[in-house]
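Examination of the molecular architecture
Each chain, letter by letter, is given below.
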Amino acid sequence: MRVERGASQILFGLLPGQTVDLEGRIWKVAKWSDPVVVTIDQATVRSVLLQAAFPWTQNGKDDGLAQQLHARIPIEIVRLNEDRGVLVEPFPKQWRCKSCNRITQQGPGDRCKCGAVKNWAQIQFVAFHGCGASKEPYIKRCPQHNAVSVRLPGTESARELFFYCPECPKFQQYGFPFQRCECSSDDNKNAQMSINVHRAGQVFSPQFAVVVNPPDPADAARARATGGGAKALEWVLNGMQESNPAAGRQTPAELTAALKQGFPGLSDKTLNDMVERAVNSGEMAASDTPPLDLPQAVLELAQEEALNLSSAVLTGRVRVSDMVDAAGPPLRSLYEGRYHDAVAEAQLAGVDLLTNFPVATLAYGFTRGDSTPGESRLVTFKERGHTRAYASLTRTEALLFQMDPVAIHRYLIAARCRLLAPSDDARNARIDILRNVTMPTPVQEDPQQLGRELLTVLHSYAHRTIRKLSTFAGIERDSLAEYLLPHHLSFVVYAVARGDFVLGGLQACFETNLHRVLEEIAEGESRCPLDPGCRSGGGACMACLHLGEPSCRWYNRFLDRSALFGRPGLLS
């Protein structure tokens, strides 16, 4: 039997170990046949997976994934081989006669003892355990006749199933008996397998990570080896004006970063001496800006985010100024007038269209049991002893929103965060924020005040933008997703591509309606239909700021309308 399904359907619904309904029967995915290896920068993959698996890591239930990532053991990334597809097998191999309700493990084409032919239905229930195991549920049979029938209760509750012997009235039982998992040991007495309908979320809950804008491995390695992180960071601090972030001569900071990358054992004194020699010999111009005094951890994160930004614009970037040069008189007036005013009023430094934005969705594991992140054990996919992630790589359209660093800096000071005095210089405002911030993780409960305030205002702005954009662009809200770059006060809203087709709604909105979107963000209704309950309960709910799980990578945390419209508020 051969069944056709789309690549996206297979990634989200036919992963190894997952059960699926096909052609009226239940099957279990055995494997992806000869999948194609995908080359994605491993440093980027490690960073994304460490963040995605953090809820399990902090509870010691990540299946050793974090340890493997910190040890820099490569993760095999594969995509579907569309010529070979996916191999499935019947599961569970337990059948119920629709005529007499007798249960057997014979094939669906066999004759039942009652005389019925080809009148079988599969048992819908499976046994599973948090270790990742799943098997057919154990069904006790009549010891005298080695037979059993079942009376269905009309519900999906396994406890209400009534098993009995079709030959005698002696054997009767409600529900499935105790079934112990094979992972049980003397010190693990709670390894009882649970029973549920095969498609229930408890049986198999896949875990996904989204690698937004994954760089080519060769380009990423070359950029890091040549101090590209330092160059990209300078490009961001200076307002991202140049079209090519890598253009220009190498600076002392970039040379220092390149030497650290290539020769990690060199001392700071040796590095400084080598850079000083290059400057004194005239092989390199002295820097006209003071060196960045940033904590090392923040500097590394800021450089990584800057590299992501630079690789995003290199794949295709259209600025409003680019459209002005190519527009006729009516549109030129629109772009130079209302677009410019709307961007400033919305407290933005700029909005750019990214025409060829790559997005990789990685299925890196699954859970059985409680699907709350960190509660059940994470089971990673493995093949021949190596950890594997199943991927779908698409290219889509996106909008890059750059917040006004001076406005953000003033807001954070008004929110009583510890910063220097207000600054009218964008570069100094960015550096001051970077020097003091510690960005929280998606599940952190007690973050630094500055990091919490910064992430809350940026995240709330991104969610409000998605809700407004979906209306003007004619795109379903769940078809738009966010990618936050909090260290650089930026975020990307991208269209979640379905297959290889992208509607083009974001591009059309950018070219004709961007001013209306920004005006609605800044001046539109800021109240929630569920106020005052929403306002007193945190300032964010499903009626005002929350988005669906595919759209928000931060579990709808760090959201508050008062960060935008309160006192103080960025848009107040």
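Residues numbered from 1 in each chain as written. Predicted model: local features only at pLDDT ≥ 70, side-chain atom pairs only at ≥ 80, totals over all residues. Heavy atoms only, no water.

**Topic: the packing of helix H12 (residues 405–414) against helix H13 (residues 426–436)**
At their nearest, the axes of H12 and H13 sit 8 Å apart, and the two run at 45° to each other. When the axes of H12 and H13 are compared, the pair comes out oblique. Helix-helix and strand crossings are classified by hand; for H12 and H13 the assignment is left-handed. Across from Pro405, Val406, Ile408, His409 and Leu412 in H12, the residues of H13 making contact are Ala426, Ala429, Arg430, Asp432 and Ile433. Residue composition of the contact of H12 with H13, grouped by class: 7 nonpolar, 1 polar and 2 charged. (Axes fitted to C-alpha atoms, helices over the stretch in contact; angles between N-to-C directions. Helix = DSSP H or I, 4+ residues; strand = E, 2+ residues; numbered from the N terminus. Parallel < 35°, antiparallel > 145°, perpendicular 65-115°, else oblique. Left-handed = near helix turned anticlockwise from the far one by under 90°. Contact = heavy atoms within 4.5 Å. Nonpolar A, V, L, I, M, F, W, Y, C, P; charged D, E, K, R; others polar.)

**Some words on the pattern of salt bridges**
Under the counting rule described, the total for this entry stands at 20 salt bridges. Between Asp424 and Arg410 there is a salt bridge; the shortest N-O distance is 2.3 Å. Linking Asp424 in the loop between H12 and H13 with Arg410 in helix H12, this pair joins segments that are 14 residues apart in sequence. Since its relative accessible area comes to 43%, Arg410 is described here as partly exposed. In this structure, Asp531 engages Arg535 in a salt bridge whose closest nitrogen and oxygen atoms are separated by 3.6 Å. (Salt bridge = Lys/Arg side-chain N within 4 Å of Asp/Glu carboxyl O. Buried < 20%, exposed > 50% of the residue type's maximum accessible area, 1.4 Å probe, protein only.)

**Quick look at the nonpolar core**
In terms of nonpolar packing, the biggest core is built from 58 residues, with Tyr461 and Leu518 touching the most fellow members. With 10 residues, the top contributor of residues to this core is helix H14 (residues 449–473). If you look at the next biggest cluster of nonpolar residues, it comprises 28 residues, including Leu233, Ala302, Ala312 and Val359. (Core = buried A, V, L, I, M, F, W, Y, C linked by side-chain atoms within 4.5 Å.)

**Overview of the environment of Pro486**
In this structure, Pro486 sits in the loop between strand E21 (480–485) and strand E22 (490–495). Exposure remark for Pro486: the relative accessible area of 5% places this residue in the buried category. Sequence-wise, Pro486 and Ala200 are 286 residues apart; in three dimensions their C-alpha atoms are separated by 36 Å. With residues near it in sequence (within four places) discarded, Pro486 still touches Glu305, Met439, Leu454, Leu455 and Leu458.

**Let's talk about the packing of aromatic side chains**
Under the criterion given, the structure shown has 14 aromatic pairs. Here Phe12 and Phe208 contribute two aromatic rings whose centre-to-centre distance is 4.8 Å and whose plane-to-plane angle is 45°, an arrangement assigned as tilted. Of this pair, Phe12 sits in helix H1 (residues 7–13) while Phe208 sits in strand E15 (residues 205–212), and the two are 196 residues apart along the sequence. Residue classification places Phe208 among the partly exposed positions, given a relative accessible area of 26%. Here the aromatic residues Trp32, Phe204, Phe366, Phe381 and Tyr390 are joined through ring pairs into a cluster of three or more. Seen from the ring of Phe91, Lys28 lies directly overhead, with NZ or CZ sitting 4.7 Å from the centre. (Phe/Tyr/Trp six-rings, centres within 6.5 Å; stacked < 30°, edge-to-face > 60°. Lys NZ or Arg CZ within 6 Å of the ring centre and 35° of its normal.)

**Structural notes on the pairing of strand E4 (residues 76–79)**
Bridge analysis of strand E3 (residues 36–37) against E4 gives 2 bridges, and the strand direction is antiparallel. Within E4, the position partnered with Val36 by the bridge is Arg79. Pairing analysis gives 4 bridges linking E4 to strand E20 (residues 386–403), with the strands arranged parallel. By the bridge assignment, Arg79 is partnered in E20 with Ala391. (Pairing = 2+ DSSP bridges.)

**Some thoughts on the sheet that holds strand E10 (residues 134–135)**
Pairing in this open sheet of 3 strands is antiparallel, and the strands run E10-E9-E14 from one edge to the other. On the outer flanks of this sheet lie E10 and strand E14 (194–197), each paired with one strand and no other. The pairing of strand E9 (residues 125–128) with E14 spans 4 bridges and is antiparallel. Bridging across to E14, Ala127 finds its partner in Ile195.

**Some details on the environment of Thr315**
Mapping Thr315 onto the fold places it in the loop between helix H9 (296–314) and strand E16 (317–319). When near neighbours in sequence (up to four residues on either side) are disregarded, Thr315 contacts Thr355, Asn356, Pro358 and Arg395. At a separation of 3.1 Å, a polar atom in the side chain of Thr315 contacts the main-chain carbonyl oxygen of Asn356. (Polar contact = N/O pair within 3.5 Å; in protein donor to acceptor, adjacent residues only side chain to side chain.)

**Considerations on helix H11 (residues 329–345)**
In an α-helix, one turn spans 3.6 residues, which is why side chains three or four residues apart end up on the same side. When the terminal C-alpha atoms of H11 are compared, their 24 Å separation across 17 residues agrees well with the 24 Å that a helix rising 1.5 Å per residue should span. Every buried residue belonging to H11 is among Leu334, Tyr335, Tyr339, Ala342 and Val343, and all of these are buried. Tucked inside the fold, the buried residues of H11 contact helix H10 (320–326), strand E17 (348–367), helix H15 (505–512) and helix H16 (514–523). Backbone geometry just downstream of H11 places Gln347 in the positive-phi region, at approximately 60°. (Expected span 1.5 Å × (residues − 1).)

**Considerations on the pairing of E22**
Within a regular beta strand, the side chains point alternately toward one face of the sheet and then the other, so they alternate between its two faces. For E22, the tally of buried residues reaches 6 of 6 residues, placing the bulk of the element in the interior. As judged from the 5 bridges shared by E20 and E22, these two strands associate in the antiparallel manner. Each bridged residue has a counterpart across the sheet, and for Phe401 the counterpart in E22 is Phe491. Where E21 lies against E22, 6 bridges are found, and the strand directions are antiparallel. Paired with Leu485 across the two strands is Ser490, which belongs to E22. Hairpin geometry of E21 and E22 is characterised by an intervening segment of 4 residues between the two adjacent antiparallel strands and by a positive phi of about 55° at Leu489.

Function cannot be inferred from these measures alone, as they are strictly geometric.
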